[in-house]
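Here are the chains, one letter per residue:
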Amino acid sequence: MMKLASKMTTEELADFIGVAKQTVNRWIREQGWQTENLPGVKGGRARLIHINKDVRNFIMKTPTMRQRTTSYSIAEPSVPYGAAESTPLREIMKVLNNMTPDEQHQLALLLAREGICGFLNRLGIAQTVEE
């Protein structure tokens, strides 16, 4: 089962559905989908689309999605039983999913250069050693 991220660029959504970016931009205008500027990118079309229930319903009704014969389907992100509250790992995953590819690359370089201990020190999280 294929799942959509909570936010996607117009290009990512267009590739997923199999339509042109211009088509997705037209849907944004016509359907009034909620979007936000893509951090660090200039231009009016560089936007993140909030993939909510209305967007999912619209996407599932498009001819390209109805005609797919594969086992792809759009599903709500699964939440493990008893994990409705926010956890640090879930918050970190949200941040990572919203990072641009360049930001993700820079983070990977930082982790490779300084390791986890250096990363935690930069965040101000002191590591305690139990003996």
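The preceding data block contains the structure.
Worth saying up front: this structure is predicted, and the values here are computed from it rather than measured.

A.B. asks: Would you mind going over the sheet that holds strand 3 (residues 47-50) with me for this structure?
C.D. replies: Within a sheet, adjacent strands bond to each other through the backbone by hydrogen bonds, running parallel or antiparallel. The three strands lie next to each other as 1-3-2, forming an open sheet whose pairing is antiparallel. The open sheet is flanked by strand 1 (7-9) and strand 2 (35-37), the only strands paired with a single partner. Going from strand to strand, the sheet's axes swing by 30 degrees on average, the running direction of each strand aside. Summarising the sheet, strand 1 and strand 3 pair through three bridges and their orientation is antiparallel.

A.B. asks: Could you clarify how one ought to interpret the nonpolar core in this entry?
C.D. replies: In a soluble, globular protein the nonpolar side chains are often hidden away together inside. Judged by nonpolar contacts, the single largest core of 15 residues is most densely connected at L13, I17, V24, W33, I49, I51 and I59. Mapped by element, the contributors of at least two residues to this core are helix 1 (10-17), helix 2 (21-31) and helix 3 (53-60). In terms of residue count, the dominant contributor to this core is helix 1 (four residues).

A.B. asks: What should I look at first to understand the pattern of salt bridges in this one?
C.D. replies: Between side chains of opposite charge, a pair can form when the charged atoms approach closely. All chains considered together, the criterion is met by six salt bridges. In this structure, E114 engages R113 in a salt bridge whose closest nitrogen and oxygen atoms are separated by 4.0 Å. On the basis of relative accessibility, which here comes to 59%, the residue R113 falls in the exposed class. Among the charged side chains, a salt-bridge network with shared partners connects R113, E114 and R122.

About the thresholds
Residues numbered from 1 in each chain as written. Predicted model: local features only at pLDDT ≥ 70, side-chain atom pairs only at ≥ 80, totals over all residues. Heavy atoms only, no water. Pairing = 2+ DSSP bridges. Helix = DSSP H or I, 4+ residues; strand = E, 2+ residues; numbered from the N terminus. Axes fitted to C-alpha atoms, helices over the stretch in contact; angles between N-to-C directions. Core = buried A, V, L, I, M, F, W, Y, C linked by side-chain atoms within 4.5 Å. Buried < 20%, exposed > 50% of the residue type's maximum accessible area, 1.4 Å probe, protein only. Salt bridge = Lys/Arg side-chain N within 4 Å of Asp/Glu carboxyl O.

No statement about biological role is implied by the geometric values presented.
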